[in-house]
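A look at the structure
Spelled out from the first residue to the last, the chains are:
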Amino acid sequence: ALEDEWHPYFQHLEAGSSVEANELVQECHRFQLTHGSVKELCNLDDVPSLQQIEDMFRCTQGGKSTGLDPIASGLFHSFPAETARLFFELVFKIYLWQSEPITYKGGKMAVIPKRFGASQARHFRGIMLLPTVAKRIHALLRTSTVQLIERIKPPGQIGGFKHQQVGFASQALRTLCRVAYHHGF
């Protein structure tokens, strides 16, 4: 009964909209024609090394859902050197072109209840089941991005960095507000 509510609910959460697959392909193609595909200047430091890809594949947890990817996630963990060599050229191309395959932009969404007896769309959360390689490439991008901004983050920044969970920041702020409220502030 909630299937009609899920789409608008998850679109609102992610600032997204419904797009037909062929429309998405056409828009991506149009964007590449307009902006070009290959970066004019690419530093080799910007491209992950074979060792970095291997390390990232080694971090893959076996038994995780892989969306529409036919390759079991445990294979990347068990054979990181071999899978890194197989996917290196694809990763290189993704970094050089600054575009990922369209199949890495989404996948199947698993809708999971947040509470017992969930009866409204807001009682659910969506987990996008991406292919394992897409997850690992996104992890590589996050790692390199965090390394760049970690040097310039404000001292009061809580959350978004290693050992700084966003939940901790939320709890700390709620506690501060509760104490301030009880003291009449």
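Here the residue numbers are simple positions, counted from 1 along each chain's written sequence. In keeping with the model being predicted, local features are shown solely for residues with a pLDDT of at least 70 and side-chain atom pairs are shown and tallied solely at 80 or more, while totals for entire chains, interfaces and linings include all residues. Think of the side-chain values as coming from all heavy atoms in the structure, minus any hydrogens and water.

1. Regarding the layout of surface pockets
Think of a 1 Å grid over the protein atoms and nothing else: a 1.4 Å probe that fits but is trapped marks a cavity, an open set flanked by protein within 12 Å on at least five of seven lines marks a pocket, and residues with an atom within 4 Å of a point count as lining. Grid points are joined across faces, edges and corners, and a volume is the space filled by probe spheres set on the points. Computed from the structure, the largest pocket encloses a volume of approximately 1100 Å³. If you trace the largest pocket, you find 31 residues lining it, with Ser17, Gly106, Gly107, Met109 and Met128 closest to the centre. Numbered from the N terminus, helices here are DSSP runs of H or I no shorter than four residues, and strands are runs of E no shorter than two. Of all elements in the fold, only α1 (3–14), α2 (21–35), β1 (108–113) and β2 (124–129) reach the threshold of two or more residues within the lining of the largest pocket. It is α1 that provides the largest number of residues to the lining of the largest pocket, a total of eight residues. Residue classes in the lining of the largest pocket are distributed as 15 nonpolar, nine polar and seven charged. The nonpolar class holds Ala, Val, Leu, Ile, Met, Phe, Trp, Tyr, Cys and Pro. Asp, Glu, Lys and Arg form the charged class, and all remaining residues, Gly among them, are polar.

2. Details of the packing of helix α3 (residues 50–58) against helix α5 (residues 80–97)
Angles here are taken between N-to-C directions and fall from 0 to 180 degrees, while the axes themselves are lines fitted to C-alpha atoms, restricted in helices to the stretch in contact. The geometry of α3 relative to α5 is characterised by a closest axis approach of 8 Å and an angle of 120° between their N-to-C directions. Considering the angle they form, α3 stands oblique to α5. Between α3 and α5 lies a crossing whose hand is right-handed. On α5, the residues touching Leu50, Ile53, Glu54, Phe57 and Arg58 of α3 are Pro80, Ala81, Thr83, Ala84, Arg85, Phe87, Phe88 and Val91. Looking at the contact of α3 with α5 residue by residue, the classes come out as nine nonpolar, one polar and three charged. Our angle categories are set so that under 35 degrees counts as roughly parallel, over 145 as roughly antiparallel, 65 to 115 as roughly perpendicular, and the remainder as oblique. Put simply, a crossing is left-handed when the front helix is turned counterclockwise from the back one by less than a right angle, and right-handed when it is turned clockwise. We call two residues in contact whenever any of their non-hydrogen atoms come within 4.5 Å of each other.

3. Some details on α2
With 15 residues, α2 should reach 21 Å at 1.5 Å per residue; the first-to-last C-alpha distance of 21 Å fits that figure. Positive phi appears at Gly36, one or two residues downstream of α2, with a value of about 80°. For a helix, the expected span equals 1.5 Å multiplied by the number of residues minus one.

4. Things to note about the nonpolar core
Counting 17 residues, the largest nonpolar core has Ile53, Phe57, Tyr104, Val133 and Ile137 as the members making the most contacts within it. Contributions of two or more residues to this core are made by α3, α5 and α6 (132–150). Contact partners of Phe57, with chain neighbours within four places excluded, come to Phe76, His77, Pro80, Thr83, Ala84, Phe87, Val133 and Arg136. Nonpolar cores were defined as sets of buried Ala, Val, Leu, Ile, Met, Phe, Trp, Tyr and Cys residues, with membership established by side-chain atoms within 4.5 Å. We call a residue buried when its accessible area falls under 20% of the maximum for its residue type, exposed when it is over 50%, and partly exposed in between, using a 1.4 Å probe and counting protein chains only. Residues Leu2, Trp6, Phe10 and Phe124 belong to the second largest nonpolar core, which totals six residues.

5. Remarks on the packing of aromatic side chains
Pairing of aromatic side chains requires ring centres within 6.5 Å, counting the rings of Phe and Tyr and the six-membered ring of Trp. Pairs whose planes differ by under 30 degrees are stacked, by over 60 edge-to-face, and all others tilted. Counted by the stated rule, this structure contains six aromatic pairs. Considering the side-chain rings of Trp6 and Phe124, the 5.4 Å spacing of their centres and the 70° angle between planes classify their relative orientation as edge-to-face. Linking Trp6 in helix α1 with Phe124 in strand β2, this pair joins segments that are 118 residues apart in sequence. Judged by its relative accessible area of 19%, Trp6 is buried. Where Phe57 meets Phe87, the ring centres are 6.1 Å apart and the plane angle is 85°; that geometry is what we call edge-to-face. Here Phe57, found in helix α3, pairs with Phe87, found in helix α5; they are 30 residues apart in sequence, far enough to count as distant. The structure contains a cluster of three or more aromatic residues connected by ring pairs, namely Phe57, Phe76 and Phe87.

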